[in-house]
Every structure is written in structure tokens, then in C-alpha cells.
Amino acid sequence: MKASDSSQADDNASVRSGARDFHIGGYGSIRAETNNLDADQDTFTFRRIVLTGDGKINDRLEAYFELEFERFGEIELEKSASAGADGFSAGQAIEGTNGSEISMEQAWARYRVNDSVNLDMGALLVPLGRFNINHDDNQWNLTRRTLVDRGAPVLPTKAAWPELGLGFSGLVETQAGLVDYRLYAVNGVNLDFAFEGEVAAEPNGSSTVGVSKFEAEFAPSRGGFSNDLNGNKAITGRLALLPQSGQELAISGYYGRYTPDFMDSESVWSVALDGLHSLGGFEIEYEVVHTDWGNIDDVAASFASAAIDKEVEAKVGAEGGETTEIVSEITLGGLAESRTGYWIEARYPFWPEALDNTFLGRGFSNPSLEPTVRMEQVVIRNRVTGIEFSNRQVTELDKEESSIVNRATVGLAYRPVPDWVISFATEYTWTDEQTLAGLTNFIPAGENENSVLAFSTGVAYTF
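Residues numbered from 1 in each chain as written. Predicted model: local features only at pLDDT ≥ 70, side-chain atom pairs only at ≥ 80, totals over all residues. Heavy atoms only, no water.

Right, let's talk about the overall build of the protein for a bit. Assigned secondary structure in the protein consists of 3 helices and 22 strands. The buried share of the protein, taken over its 463 residues, is 43%. (Helix = DSSP H or I, 4+ residues; strand = E, 2+ residues; numbered from the N terminus. Buried < 20%, exposed > 50% of the residue type's maximum accessible area, 1.4 Å probe, protein only.)

Here you go:
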């Protein structure tokens with residue numbers, strides 16, 4: 001047998017038996033936090049544990065997945081069905097820890113056309129800015145993700161943000177340095193609903209002995225993985241220049257329809273500038289993003305026309321006897337005419353030789369201490385704060401003309417190895433509004449709490 005025939009046979013055997021080179025790994029992160037909010041308490045938070053798998057059939061075929069368990073403790077489902085003299089009955093119970101989430105963050109296959117062109121297919125990270133494509137907790141020195149990408153997202157939906165689609169990526173060598181590019185067509189962000197139910201008992205003596213409330217809120221969410229909810233594809237891409245190690249400058253964008261197919265068409269577009277620079281031992285990293293949601297008045301009118309009425313009330317029970325009131329409500333949330341934000345982070349990695357023989361340095365080949373400062377701001381224009389509609393017409397649409405959320409963070413990171421980080425941070429978040437409530441997705445502020453001071457420590461690790 002010729003050498004080439006032997007090589008081909010080996011490749012075929014590799015395909016039949018699975019990946020030639022397969023790695024299971026992941027990362028996790030835990031945080032302890034205290035702050036001065038009245039409603040919050042000192043707490044430990046199991047931020048997330050993420051399982052990853054990377055498999056190569058050969059040098060041109062690769063597959064990757066990333067499965068996240070966020071604040072996840074347990075989930076249990078119980079179902080039962082029975083039939084007897086009294087008839088048929090069926091029941092279902094779901095139990096789980098509060099705030100838990102299981103999410104597929106990436107799941108793609110890559111076909112390498114040549115050294116500089118890859119065809120990527122599957123659940124792909126949207127390449128808008130730099131944080132979404134580099135969001136792993138152990139890559140960052142601070143214990144909380146940025147406002148722009150997560151806390152008060154300027155991105156069309158919060159990071160980590162994958163979309164189902166396909167496109168091209170690669171690295172191209174030029175005289176100016178490496179050019180890193182990604183260009184994808186994806187299902188795209190969509191107004192989708194989150195359903196909440198609530199049951200409450202009222203005081204004795206009331207003619208109503210129970211209240212059930214069910215609410216469906218339509219808000220921007222990542223696109224569907226089973227089908228495209230509006231039948232239109234979004235386009236997203238990023239172009240980065242890497243002139244040398246430790247230097248990067250990139251521009252990126254996103255454009256696509258976000259209203260579902262039962263509403264009039266409206267599109268969202270975003271543009272971002274980001275970079276990383278090394279200057280005399282300092283590392284400067286930043287991201288600026290602007291997102292425009294189009295004519296949100298037309299979106300509200302189209303939504304009202306489709307939903308007919310915002311609220312429906314009904315009472316169930318015998319006439320003259322005890323009743324249960326059921327309230328069903330449909331609403332629109334999370335929209336603003338536009339959002340603009342930035343974050344900039346400065347770090348100074350160093351290591352004193354005096355610590356080499358201490359418990360901080362012993363047994364580690366490349367430990368470091370990294371003082372870190374991050375400044376952030378998000379400006380939200382014409383944010384929808386309330387909507388009323390009846391008989392297919394909007395009767396009231398409340399908007400906040402302009403709101404600003406700021407945050408300043410100072411921290412110290414200790415890295416015994418590059419992929420592990422133990423962090424200590426102090427952060428101050430404030431707004432020009434009366435309260436932070438509704439402006440962020442992580443601060444349970446009260447009516448008159450427009451600032452919060454928080455202290456946190458955490459660990460992020462790989463395995």
C-alpha cells in the first residue's frame with residue numbers, strides 16, 4: 001500500500017470512529033457580594049458553570065459546543081395521570097432553584113476551505129463588540145460583567161448572545177498585520193414573550209378568596225433555535241486588525257428585523273468600536289456600542305393592534321359564593337428608541353519576586369497581580385416605561401426621554417496561573433434618575449435608591 005493510501009485509510013477510520021482529537025473542558029465562577037441596598041442581602045452567588053467540548057475529525061473539520069448552567073442548583077419534573085370512578089385526572093409539578101438557567105451558548109461546526117477561510121454553521125456568538133465573543137469569566141479581572149453587554153445592555157440582547165446561522169470567518173496575513181474577520185447571516189433577535197404566573201390569597205372576609213395573575217411580556221430576546229420567528233435573516237460581522245501581539249482595533253455591526261411576523265416590520269441596527277492596546281506595561285481594553293430600535297411608536301401601535309386588549313379579568317365560582325379572580329395581562333417591555341454605551345478598562349499585570357516563595361507564588365510558573373480600573377456608562381433614550389391599549393389602539397405610551405447609568409469599579413486580581421483568577425472589587429453604580437429600578441437587570445433598587453455601593457470577591461477557574 002502506498003503512503004498516500006495509508007494516510008487516506010487513517011482519515012477514513014478517523015471519520016468512522018469519531019473525532020481524532022477531542023477535548024472536554026469548561027469554566028466556573030462563584031461570587032460573594034455585599035451592598036448597601038435595603039432590599040438586598042449579603043450573598044454567595046454560583047454565577048455559572050460551563051461545559052465545553054472541542055472535537056476535530058481532521059485538520060479541516062472541527063465542532064465545538066458550550067453549555068451553560070447559570071445559578072443552577074436543581075430542576076425536577078413530576079407528572080402523573082390516573083383514572084377511576086371519579087373520572088380522569090392529570091397533574092404536573094416543576095421544582096427548581098430560583099434564578100436557574102440552562103443555556104446553549106455555542107454549538108457550531110467548522111469547515112476549513114483554506115488557511116484563511118472557514119465556513120461556520122450552527123449556534124454562533126454574534127460578533128458585535130469584543131466582550132460577547134470573549135465573555136468567559138476567567139478571562140476578566142472583575143467579578144461582574146459590563147453594563148454595555150449585560151447589566152443594562154446596549155447590545156440588542158444581553159451577553160452571552162448566540163444566534164443560529166452560518167457564515168465565514170478567518171485570519172488573513174497582510175503587511176499591516178493579521179486581519180481577523182467574521183461575517184454571518186443569522187435568525188436574529190426577536191420580540192419574544194416571557195410568561196409569568198402568580199397566585200395570591202386575599203384576607204378572610206373578602207368575596208374573593210384567591211387571585212391568580214398571569215402576565216406575558218414581549219421583550220427583545222435572542223432568536224429561535226427551532227425556526228426563524230419573523231422569517232427574515234439578520235446580518236452581523238466584525239473586522240479586526242492585529243498589527244502585533246497585545247494590539248487590536250476592530251469595528252463591528254448588526255442589522256435585522258426584530259418584530260415577529262404578526263406585527264409590522266421594524267429593524268434594529270448596532271455598530272461598535274473596540275480595541276486592546278499595551279502601553280508601557282499597562283493594558284487598555286475598551287468597547288463603544290450604539291443600538292437603534294427604529295420607530296418604537298409604530299412598534300407599540302402594531303403590538304396593540306395584534307394584542308387587542310392589554311388586560312382581561314374574570315371571576316370563577318358559583319353565583320353568590322366564593323370566587324377566584326383571574327387577571328391576564330399582556331405587555332411590551334425592554335424597548336427604547338436607542339442606547340449608547342461604553343466601557344474602558346485599564347490593567348497593570350506585575351509580580352514581585354519577594355512573593356515567589358510564599359503561598360501565592362510557590363508551585364506556580366507564571367503568577368501575577370493585576371490592579372484593574374473600569375469606567376462604564378450607558379445612555380438610554382426614549383425608554384418605554386408603560387403602555388396602555390384597548391380595542392387595538394394605544395391609549396397611553398409612557399417614555400423616559402433620557403436616562404444615564406454609570407459605574408466605576410476598582411479591583412485587584414490574583415492569577416496563580418493565567419486561566420484562574422481570584423478577584424476583589426469595589427464598585428459604585430449611579431443614575432441621574434430617581435431610582436436604578438428598571439434601568440438594570442441586576443440591581444433590586446427601591447423607589448428612591450439611585451445609587452449603590454457594592455463589595456465583592458470571587459473566583460473564576462478552568463478545568
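Another point: the layout of surface pockets. Considering only enclosed or pocket space, the second largest pocket measures out at about 620 Å³ in volume. If you trace the second largest pocket, you find 27 residues lining it, with R110, I133, N134, D180 and R182 closest to the centre. For the lining of the second largest pocket, the elements supplying multiple residues, two or more each, are β3 (61–70), β6 (101–114), β7 (117–125), β8 (162–174), β9 (177–186) and β12 (234–242). The residue inventory of the lining of the second largest pocket, partitioned by class, reads 9 nonpolar, 7 polar and 11 charged. (1 Å grid on protein atoms, 1.4 Å probe; cavity = no way out; pocket = protein on both sides within 12 Å on 5 of 7 lines; lining within 4 Å. Points joined across faces, edges and corners; volume = space filled by probe spheres on them. Nonpolar A, V, L, I, M, F, W, Y, C, P; charged D, E, K, R; others polar.)

Looking at the secondary structure, you find R407 in strand β20 (residues 393–415). With a relative accessible area of 0%, R407 lands in the buried category. Setting aside residues up to four positions removed in sequence, R407 forms contacts with R144, R145, T146, L147, R374, M375, E376, E427, Y428, T429, W430 and F442. Among the polar contacts made by the side chain of R407, one reaches the side chain of E376 at a distance of 2.9 Å. (Contact = heavy atoms within 4.5 Å. Polar contact = N/O pair within 3.5 Å; in protein donor to acceptor, adjacent residues only side chain to side chain.)

Among the surface-exposed residues, E74, E76, E78 and E95 lie close enough to one another that they form a single negatively charged patch. Mapped onto the elements of the fold, E74 is located in the loop between β3 and β4 (75–84). With relative accessibility at 46%, the residue E74 sits in the partly exposed group. (Patch = residues over 30% accessible without salt bridge, like charges linked within 9 Å, V, L, I, M, F, W, Y side chains within 5 Å. Areas by Shrake-Rupley, 256 points an atom, 1.4 Å probe, with all protein chains shown as cover. Salt bridge = Lys/Arg side-chain N within 4 Å of Asp/Glu carboxyl O. Lys, Arg positive; Asp, Glu negative; His and termini not counted. Charge placed at Lys NZ, Arg CZ, Asp CG, Glu CD.)

Let's shift gears to empty space enclosed by the protein. Applying the stated criterion across every chain, the model contains 3 cavities of 30 Å³ or more. S29, I30, R47, D137, W140, L142, T143, V421, S423, G458, V459 and A460 together form the lining of the largest cavity. Where the lining of the largest cavity is concerned, the elements lending two or more residues are β1 (21–35), β21 (421–431) and β22 (451–462). For the lining of the largest cavity, the element with the highest residue contribution is β22, accounting for 3 residues. For the lining of the largest cavity, the residue count by class is 6 nonpolar, 4 polar and 2 charged. The computed volume of the second largest cavity comes to approximately 60 Å³. Around the second largest cavity, the lining residues are R47, F131, H135, D136, D137, W140, L142, T143, R144, R145 and R374.

Of note, T52 is situated in strand β2 (residues 43–58). Under the relative-accessibility criterion, T52 is labelled buried at 13%. Polar side-chain contacts of T52 include one of 3.4 Å to the backbone nitrogen of G26. Excluding anything up to four places from it in sequence, T52 contacts H23, I24, G25, G26, Y64, F65 and E66.

Scanning the entire structure with this criterion turns up 15 aromatic pairs. Between the aromatic rings of F218 and F262, the centroid separation amounts to 6.3 Å while the plane-to-plane angle is 85°, which identifies the pairing as edge-to-face. Residue F218 is located in strand β11 (residues 208–221), and its partner F262 is located in the loop between β13 (248–257) and β14 (267–279); the two are separated by 44 residues in the primary sequence. F218 gets classed as buried once you look at its relative accessible area, which sits at 14%. Exposure remark for F262: the relative accessible area of 46% places this residue in the partly exposed category. Ring geometry for Y461 against F463: centres 6.4 Å apart, planes inclined by 40°, an arrangement best described as tilted. The ring of F225 carries R222 above its face, with NZ or CZ at 5.2 Å from the centroid. Here the guanidinium or amino end of R374 rests over the ring plane of W343, the centre of that ring lying 5.9 Å away. (Phe/Tyr/Trp six-rings, centres within 6.5 Å; stacked < 30°, edge-to-face > 60°. Lys NZ or Arg CZ within 6 Å of the ring centre and 35° of its normal.)

What follows is about the nonpolar core. Ranked by internal contacts, the top residues of the largest apolar core, which has 49 residues, are L128, W161, Y254, Y258, L332, L335 and V378. At the level of elements, α2 (147–151), β9, β14, α3 (296–307), β18 (336–347) and β19 (368–390) are the ones that each hand at least two residues to this core. With 6 residues, α3 is the single largest residue contributor to this core. In contact with L332, not counting residues within four places along its chain, are L191, F218, A300, F303, V384 and I387. (Core = buried A, V, L, I, M, F, W, Y, C linked by side-chain atoms within 4.5 Å.)

Moving on, we come to the pairing of β14. Pairing geometry for β13 and β14, over 10 bridges, is antiparallel. Note that in β14 the partner of Y254 across the bridge is S270. Note that β14 and strand β15 (residues 282–292) share 11 bridges and pair antiparallel. Note on β15: the bridge partner recorded for S278 is E283. The loop that links β14 with its antiparallel partner β15 comprises 2 residues; one of these, G280, has a positive phi angle of about 55°. (Pairing = 2+ DSSP bridges.)

What follows deals with the pattern of salt bridges. Tallied over the full model, the rule gives 25 salt bridges. Across the pair R48 and D137 runs a salt bridge whose closest N-O atoms are separated by 2.8 Å. In this pair, R48 sits in strand β2 while D137 sits in the loop between β7 and α2, placing the two residues 89 residues apart along the sequence. For the pair R48 and D137, a shared accessibility class is recorded, and that class is buried. As a salt-bridge pair, R130 and E248 come within 3.4 Å of each other at their nearest N and O atoms. Here E248 lies in strand β13 and R130 lies in the loop between β7 and α2, a separation of 118 residues in the sequence. Its relative accessible area of 13% is what places E248 among the buried residues. It is possible to trace a salt-bridge network through shared partners that takes in R130, R238, E248, D274, E283, E285, E345, R347 and R374.

Everything listed is a geometric property; what it means functionally is a separate question.
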